[in-house]
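Next come the chains, spelled out residue by residue.
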Amino acid sequence: MSDYKFEGWCGHSPEAANGKMRWGEYEPKSFTDDDVDIKISHCGICGSDLHTLRSGWYPTPYPCVVGHEIIGKAVKVGKNVKHVKEGDRVGVGAQAASCLKPDCARCSDGFENHCGSMAATYGAFFPGDKKEKTYGGYANYNRTPGHFVFKIPDNIESEHAAPIMCGGITLYSPLKTYNAAGKNVGIVGLGGLGHFGVLFAKALGAKSVTVISRSHAKEEDAKALGADKFIATGDKGWESGNNASSLDLIVSTVSSDKMPLAGYLSLLKFRGTFVQVGAPEDPLPAFQAFALIQKAIHITGSAIGAPNEIVEMLNLVSEKNIKPWTQSVPLKEANQAIIDFEAGKPRFRFVLKNENYSD
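Residues numbered from 1 in each chain as written. Predicted model: local features only at pLDDT ≥ 70, side-chain atom pairs only at ≥ 80, totals over all residues. Heavy atoms only, no water.

Let us now look at the environment of Y58. With respect to the helices and strands, the residue Y58 is situated in the loop between α1 (47-53) and β4 (70-77). Residues Y58 and E281 lie 223 residues apart in sequence; the distance between their C-alpha atoms is 9.0 Å. Apart from the residues lying within four places of it in its own chain, the contact partners of Y58 are T52 and G123. (Helix = DSSP H or I, 4+ residues; strand = E, 2+ residues; numbered from the N terminus. Contact = heavy atoms within 4.5 Å.)

Our next topic: the domain arrangement of the chain. The extent of an interface is frequently quoted as the accessible surface area lost upon association of the parts. Domain boundaries assigned for the chain yield domain 1 (7-166 + 305-353) and domain 2 (168-301). Relative placement of domain 1 and domain 2: their C-alpha centres are 27 Å apart. Counting from both sides, the interface comprises 23 residues of domain 1 and, opposite them, 25 residues of domain 2. Between domain 1 and domain 2 lies a buried interface of about 2,000 Å² when both sides are counted; carbon and sulfur atoms form 64% of it. Across the contact surface, domain 1 and domain 2 share three salt bridges. Remark: the boundary between domain 1 and domain 2 carries 14 residue pairs in polar contact (both at pLDDT 80 or more). Those elements that provide at least two residues to the side of domain 1 that touches domain 2 are α3 (158-177) and α8 (307-320). Of all the elements, α8 adds the most residues to the side of domain 1 that touches domain 2, at seven residues. (Domains from an automatic or database assignment. Buried area = accessible area lost by both parts, 1.4 Å probe. Salt bridge = Lys/Arg side-chain N within 4 Å of Asp/Glu carboxyl O. Polar contact = N/O pair within 3.5 Å; in protein donor to acceptor, adjacent residues only side chain to side chain.)

On to the nonpolar core. Core analysis: the largest hydrophobic core is formed by 48 residues, its most contacted members being L175, V185, F200, M313 and L314. Within the residue set of this core, elements represented by two or more residues are α3, β10 (184-188), α4 (192-203), β11 (208-213), α5 (219-225), β12 (229-232), β13 (247-252) and α8. Sort the elements by how many residues they give to this core and α3 lands first, with nine residues. Both domains that furnish three or more residues to this core are identified here as domain 1 (7-166 + 305-353) and domain 2 (168-301). If we ignore the near neighbours within four places in the chain, the residues touching L314 are F150, K151, I152, P153, I156, I164 and M165. Core analysis: the second largest hydrophobic core is formed by 39 residues, A16, A17, V77 and L352 among them. (Core = buried A, V, L, I, M, F, W, Y, C linked by side-chain atoms within 4.5 Å. Buried < 20%, exposed > 50% of the residue type's maximum accessible area, 1.4 Å probe, protein only.)

Printed below as a string of structure tokens:
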């Protein structure tokens, strides 16, 4: 038995997404020798939190505690967990479990994030017969299997580490997988995800980074982050002229089914690659097949990142001293924070700070 309670901001219906979460106690999964209990100090706010609270992607198993950019102190560590110990500062991202079976091709090849039994950090159920639910980080404590718990390098501030655990890895993974080094890279959208795209593309050695946004409102921010070029899709002819066929790799972070997808594809060079990481609740827009055929363009997607990539990313952030743009918000103000998040107020990531946490 532990001497602490698992309490957090619980969503009980789609209305929770309108700032109507309620603080309460909940029952985490049963503790095993493979688990880690974390006293949470910080948790980033992610767009996935809003999609889940309102059952936008799929019916959410309420009650649900969202938050999958978790940083805190390991306060209880199962004996099978060797890479962290009690007292370590650790983090959890958007994945809490996968089957981890030797005969699972994805888990055994280091693609746990694509396992058919992958369990998200909240709003899901752990693999197995017990059907125990996952709960996230808008809370005092979190319990996650150690395989998906990561020690945070000392020189990364907790407020910065939190959004890296989901927002960061969501951009790091495709930029590394599709080799941003030496390429002209485009990042669609300059929000919580997109600003990580600029930071990581530069850190990974991109030849140039172009931010693609609806208007020029964030152009100065893009330059401050290190972007070399800016394209506003509200400008006439934005997809033509010198912009056409100018990019080797585009990563799209937008979660709107109204995106000008055909225009984005026109920016790609011959055999360029378009990676979608934003997840709209409705289908992507249609486009002509010749947009793919004429330039042999590749369209693909990317889901967060595998544990080995998260370790790689944390090391890069530590070595390059990468600092995301964050704004701290007290955990007690979580309801107002998600309203402000939906209104597009963060520049560029809100991070909840647990006022009850102390070292």
